[in-house]
Each structure stands twice: as structure tokens, then as C-alpha cells.
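# Per-entry structural report
So the chains spell out like this:
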Amino acid sequence: MTASAHSADAGAQRVRSLAVPHLETVSTALFLTATVLVAALAYYFLGYDQGAVSVFGEDAHVHEFIHDARHFLGFPCH
């Protein structure tokens, strides 16, 4: 075997691999992202949506629907 043939065999045995994240890590990241999004929406509707500055315009249906929950959680709305 010559030196060039030996180095070609060594190069052929070298396998390139890609770093693939574990499925648990990906699913945990997606779960945490969804949790933060839902929590941010809940905070907006419970703590900030007053009807006048609503994402739905001048409609106060969301405010009235969660009115008692706002008071129970300590958010002022009057």
C-alpha cells in the first residue's frame, strides 16, 4: 500500500456528522414558548384590556366577560 492510498482510506473512513438537538430539548423549548405566549395573552386580557384600549376596538365584551376575575386577581378596572 502506498502512502497516498493509505491517506485516501483514512479520509474515506472519516464521517461527517451534524449536531442534531435531542427531541426532548426541542419539545421542551416549544412547550415553554407556547406557555409564555399563552401567559402573555392571559395577562393582557386580564390586566390591560379595559375595553377602551382593546384590540377589538371599542367593544367591551372581553372586559365584561372577565370583570369579576380581574377584581379577584387584584387588577383595578374602575
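Cut-offs and rules
Residues numbered from 1 in each chain as written. Predicted model: local features only at pLDDT ≥ 70, side-chain atom pairs only at ≥ 80, totals over all residues. Heavy atoms only, no water. Helix = DSSP H or I, 4+ residues; strand = E, 2+ residues; numbered from the N terminus. Buried < 20%, exposed > 50% of the residue type's maximum accessible area, 1.4 Å probe, protein only. Areas by Shrake-Rupley, 256 points an atom, 1.4 Å probe, with all protein chains shown as cover. pLDDT = per-residue confidence, 0-100. Patch = residues over 30% accessible without salt bridge, like charges linked within 9 Å, V, L, I, M, F, W, Y side chains within 5 Å. Salt bridge = Lys/Arg side-chain N within 4 Å of Asp/Glu carboxyl O.

## Observations regarding the overall build of the chain
Scanning the chain from terminus to terminus reveals four helices and zero strands. When the helices and strands of the chain are listed from N to C terminus, the series reads α-α-α-α. A buried classification covers 13% of the 78 residues belonging to the chain. Working note: accessible area of the chain is about 6700 Å², and carbon and sulfur atoms make up 69% of it.

## Regarding the confidence of the model for the chain
When the pLDDT values of the chain are averaged, the result is 75; 68% of them are 70 or greater. Within the chain, the lowest mean pLDDT, 57, falls on helix α1 (residues 3-13), and the highest, 88, falls on helix α2 (residues 23-48).

## Structural notes on a nonpolar patch on the surface
Together, Leu23, Val26 and Leu30 make up an exposed nonpolar region whose accessible area comes to about 320 Å². Looking at the secondary structure, you find Leu30 in helix α2.

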